[in-house]
Amino acid sequence: MTYSLRALLGLLAVANIASSSPAPQVQTRHNPAIPGWHSDPSCVFVPERDNTTFCASSTFLLTPGIPIYASKDLTNWKLASHALSRESQYPDYNQSIAQTDGIWAPTLRYHQGTFYVNVIYKNNIFNKVTGLIFSTTDPFSDDSWNVPVHYHPSFIDPDLFWDDDGQAYIATAGTNLQTLDVTSGALGEPSRIWNGTSGEFLEGPHLYKKDGFYYLLTAEGGSGLNHSVTMARAEHIWGPYQSYENNPVLTNRDTSEYFQNVGHADLFHDANGNWWSCALTWRSGPEGETYPMGREMALTPVVWKTGEWPSFAPVRGIQKGWYLPPSRSIPGDGPFASDPDVVDFKPNSTIPRNFAFWRWPNMNSYVISPPGHPGTLQLSPSPASITAGHRNYTAGYDGKEFTLIMRRQTDTLFQYSVDVSFAPRVQNEEVGVTVFLNQVQNINLGLVMLPENGTNGTHSPLALHFRFLVSGIQSNAKKVPMPSVTPVPKSWLHHPIRLMIRAESETHYAFFAASVSRPWDALRLGQAPATIVSGGVGPFTGSLVGVYATNNNGKGSTKSYISRWRYTGLAQEIDNRDLVPS
């Protein structure tokens, strides 16, 4: 692995800070630290919580929103809770239409025994920006997070910082600073404290106080191939701020590195006093075309000597950093980020903590182990279809919920499957599996009731078909695969049907189906490039895999029954064609 000279010298400097102190051990980790869509990460170390680091990320239209992860070793990350888990906390989600609406750029902080998440909700269609301050004393409980305090920011990407006198401040994009009352949302007058190094997309600010200086960390260049992290500091919180002469402090722009779009960073230290930075990144290479998992969280060590500017090691797939003893001793019932899904929907169980919905769901559409169907998830079809939005942001969405339940894609190579029991009676009733980025970028294999042999006559008999359908006109794909329809073999109709998705490479997904009576005898029914779920109108999010059910705006109401939900990560790509086991 290649390191910058400055980073190597920094690591050596820390090892020799004091001759009486043993040299810190070096540990090798892999990036992304939290794989899959975890954009705009923010982390805080909390010694009072058994020396645990907590991180949060953006979720846009995904619910539950704002996942909180916990780790003691910065390697094993466990889903602790969601700050936004109940529709009563913020019902306005279901006014969201544009693919980039929703929850943007949380800042996670800890102050006097309480955890705070400061975030904005953005509605692009109605030009609405609302600040939300969530808080809890128990980060391992969804229910403990409050109904957020509302405020009205002028800008996005709100930071949260307490000075030594207890006054709270909020810094926002454009590096505007103002006082904030976290209990009422009252704001002071904003003042711009720094103009950045380029003046372009000055976003994601965070303030820190160290060695008598106020340090301002920001992102510049926009989330994309020009993304970078820059710093300034001042002796007084209102400035004037001096720009660091070696800016940017962190970036992979204008390089051939596999990890690109490095930016929107945060700083925190561990129990040994060693510093770290989390940042978002794409695994795309300099082409910036194929990155289906979107913006993921990378971790890199930082040397921050007394009175000096911090020195960041560059983001790479193999990352050498400070040693922390391995630990999976984290409270709560959430999964670790790298865990597979082995879900059998047993009676009296609940929806797994890592499952997600697009906007607030109608939970009556999801019933675990209903009478007569133990070990299944019953899905009621929604009128809206996730595949309807071929032309614009709003097509196919009329304000009603989708029946769509998913989990993040967290591995470059993976296999996902569910068994489906479905006996439709009405034309266009459908249930299927999907790789989903948003309403206009998704790849789907459905079981759908259609006229036999492609006929459309009024009295044509109906039969169950496989339909492979891709929505991706507004994506990075140069060519979108055409739809295809294949009759389900009649011998399969007496057993559940297994639908499968495989990421066979970093660039393509393949879709299969088999009768559960002969699962080894699978039909390959479609293939699509990962560029379908990269960029486009969803550049800030990442792909999810799961199941949908719809009557395609028809009259059908047949329920489907999902069982044996399996997601298995196979490998992570950490450099161009360099794979490690998941």
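Predicted, not measured: the structure shown is a model, and the values here were computed from it.

## Observations regarding the overall build of the protein
Now for step 1: Along the backbone of the protein there are one helix and 39 strands.
Now for step 2: A compact globule built from 582 residues should have a C-alpha radius of gyration of about 25 Å, and the protein, at 24 Å, falls within 12% of that.
Now for step 3: Per-residue burial over the protein gives 61% buried out of 582 residues.
Now for step 4: If you take every contact in the protein between residues at least 6 apart in sequence, the share linking residues at least 24 apart comes to 61%.

## A few points about the state of the cysteines
Now for step 1: Following the criterion strictly, the structure yields one disulfide and no others.
Now for step 2: Paired through a disulfide, Cys43 and Cys55 show a sulfur-sulfur distance of 2.0 Å. Measuring handedness by torsion sign, the sulfur bridge of Cys43 and Cys55 sits at about 110° and is right-handed. Within this pair, whereas Cys43 is found in strand S2 (residues 42-46), its partner Cys55 is found in strand S3 (residues 52-56), the two being separated by 12 residues in sequence.
Now for step 3: According to the relative accessible area criterion, Cys43 is buried, its value standing at 1%.
Now for step 4: Here Cys278 stays unpaired: no disulfide links it, and the sulfur of Cys43, its closest cysteine neighbor, is 3.5 Å away.
Now for step 5: For Cys278, a relative accessible area of 0% corresponds to the buried category.

## A few points about the packing of aromatic side chains
Now for step 1: Inspection of the entire model under this criterion finds 27 aromatic pairs.
Now for step 2: Centroid distance Tyr244 to Trp309: 4.5 Å. Interplanar angle 20°. Geometry classified as stacked. Placement of the pair is Tyr244 in the loop between strand S18 (242-243) and strand S19 (259-269) and Trp309 in the loop between strand S21 (296-303) and strand S22 (311-312), with a sequence separation of 65 residues.
Now for step 3: Both rings, one in Phe345 and one in Trp565, keep their centres 6.5 Å apart while their planes meet at 85°; by these two values the pair is edge-to-face. In this pair, Phe345 is assigned in the loop between strand S24 (341-343) and strand S25 (357-358) and Trp565 in strand S38 (residues 560-575), connecting sequence segments 220 residues apart. Here Phe345 and Trp565 have matching classes, each one buried.
Now for step 4: Aromatic ring contacts, followed pair by pair, group Tyr208, Phe213, Tyr215, Tyr244, Trp275, Trp304 and Trp309 into a single cluster.

## Topic: empty space enclosed by the protein
Now for step 1: Following the criterion strictly, the structure yields four cavities of 30 Å³ or more and no others.
Now for step 2: In this model, the largest cavity occupies a volume close to 150 Å³.
Now for step 3: Considering the residues around the largest cavity, the lining is formed by Pro35, His38, Tyr69, Leu79, Pro335, Phe336, Ala337, Asp339, Asn354, Arg407, Arg408 and Thr410.
Now for step 4: Partitioned by chemical class, the residues of the lining of the largest cavity number six nonpolar, three polar and three charged.

## Here's the deal with the confidence of the model for the protein
Now for step 1: Confidence in the prediction for the protein averages 92 pLDDT; 92% of positions are at 70 or higher.
Now for step 2: Overall, residues 1-21 carries pLDDT values under 50, and its contacts beyond four positions in sequence, including any with other chains, amount to 29 contacts.

## Observations concerning unusual backbone geometry
Phi is mostly negative for residues that are not glycine, and the peptide bonds are mostly trans.
Now for step 1: At the junction of Thr63 and Pro64, the peptide bond is cis and its omega measures out at -10° in the coordinates.
Now for step 2: One can find Pro64 in the loop between strand S4 (62-63) and strand S5 (65-71).
Now for step 3: In the segment running from Asn247 into Pro248, the intervening peptide bond is cis, with an omega of -5°.
Now for step 4: By secondary structure assignment, the location of Pro248 is in the loop between S18 and S19.

## Brief notes about the environment of Asn51
Now for step 1: Residue position: Asn51 is located in the loop between S2 and S3.
Now for step 2: Spatially, the C-alpha atom of Asn51 lies 6.0 Å from that of Ala271, the residues being 220 residues apart in sequence.
Now for step 3: In this view, Asn51 contacts Phe45, Val46, Lys72 and Ala271; residues no more than four positions away in its chain are not counted.

## Some remarks on the sheet that holds strand S14 (residues 191-192)
Now for step 1: Reading across the sheet, the four strands line up as S11-S12-S13-S14 and stay open at both edges, with antiparallel pairing between neighbours. Two strands bound the open sheet, and with one partner strand each, they are strand S11 (161-162) and S14.

## Structural notes on the sheet that holds S5
Now for step 1: Taken in spatial order, the four strands line up as S2-S3-S5-S6 in an open sheet, and their pairing is antiparallel. Each edge of the open sheet carries a strand with a single partner, namely S2 and strand S6 (78-84). Here the average twist between neighbouring strands, direction ignored, is 25°.
Now for step 2: Alignment of S2 against S3, held across five bridges, turns out to be antiparallel. Considered in S3, the bridge of Phe45 is made with Thr53.

## So, the pattern of salt bridges
Now for step 1: With the rule as written, the count across this model stands at 20 salt bridges.
Now for step 2: Where Lys128 meets Asp92, a salt bridge forms, and the shortest distance between an N and an O atom there is 2.5 Å. Separated by 36 residues along the polypeptide, Lys128 in strand S9 (residues 128-136) and Asp92 in the loop between S6 and strand S7 (102-111) bring together distant segments of the chain.
Now for step 3: Residue Lys128 is classed as partly exposed on the basis of its relative accessible area of 26%.
Now for step 4: Close ionic contact of Arg518 with Asp521 constitutes a salt bridge, the shortest N to O distance being 3.7 Å.
Now for step 5: Accessibility expressed as a relative area gives 43% for Arg518, which makes it partly exposed.
Now for step 6: Beyond isolated ion pairs, a larger network of salt bridges with shared partners links Arg109, Asp159 and Asp266.

## A look at the domain arrangement of the protein
Now for step 1: Examined at the domain level, the protein breaks down into domain 1 (26-322) and domain 2 (341-581).
Now for step 2: Here domain 1 and domain 2 have C-alpha centroids that lie 33 Å from each other.
Now for step 3: Each partner contributes residues to the interface: domain 1 has 49 residues there, and domain 2 has 44 residues.
Now for step 4: When the two sides are added together, the surface that domain 1 and domain 2 hide from each other amounts to roughly 3800 Å², 57% of it contributed by carbon and sulfur.
Now for step 5: Viewed at the interface, domain 2 and domain 1 are joined by two salt bridges.
Now for step 6: For Asp142, the salt bridge goes to Arg353, with nearest N and O atoms at 3.4 Å.
Now for step 7: Where domain 1 meets domain 2, there are 18 residue pairs in polar contact (both at pLDDT 80 or more).
Now for step 8: Of all the secondary structure elements, the ones that give two or more residues to the side of domain 1 that touches domain 2 are S4, S6 and strand S20 (275-283).

## Focus on the environment of Ser517
Now for step 1: Here Ser517 lies in the loop between strand S35 (508-515) and strand S36 (523-529).
Now for step 2: Ser517 sits 25 residues away from Trp492 along the chain, and the two C-alpha atoms are 8.2 Å apart.
Now for step 3: One polar contact links Ser517 to Ser515, side chain to side chain, over a distance of 2.7 Å.

Definitions and limits used
Residues numbered from 1 in each chain as written. Predicted model: local features only at pLDDT ≥ 70, side-chain atom pairs only at ≥ 80, totals over all residues. Heavy atoms only, no water. Helix = DSSP H or I, 4+ residues; strand = E, 2+ residues; numbered from the N terminus. Rg over C-alpha atoms; globule rule 2.2 N^0.38 Å. Buried < 20%, exposed > 50% of the residue type's maximum accessible area, 1.4 Å probe, protein only. Contact = heavy atoms within 4.5 Å. Disulfide = S-S within 2.5 Å. Phe/Tyr/Trp six-rings, centres within 6.5 Å; stacked < 30°, edge-to-face > 60°. 1 Å grid on protein atoms, 1.4 Å probe; cavity = no way out; pocket = protein on both sides within 12 Å on 5 of 7 lines; lining within 4 Å. Points joined across faces, edges and corners; volume = space filled by probe spheres on them. Nonpolar A, V, L, I, M, F, W, Y, C, P; charged D, E, K, R; others polar. pLDDT = per-residue confidence, 0-100. Pairing = 2+ DSSP bridges. Axes fitted to C-alpha atoms, helices over the stretch in contact; angles between N-to-C directions. Salt bridge = Lys/Arg side-chain N within 4 Å of Asp/Glu carboxyl O. Domains from an automatic or database assignment. Buried area = accessible area lost by both parts, 1.4 Å probe. Polar contact = N/O pair within 3.5 Å; in protein donor to acceptor, adjacent residues only side chain to side chain.

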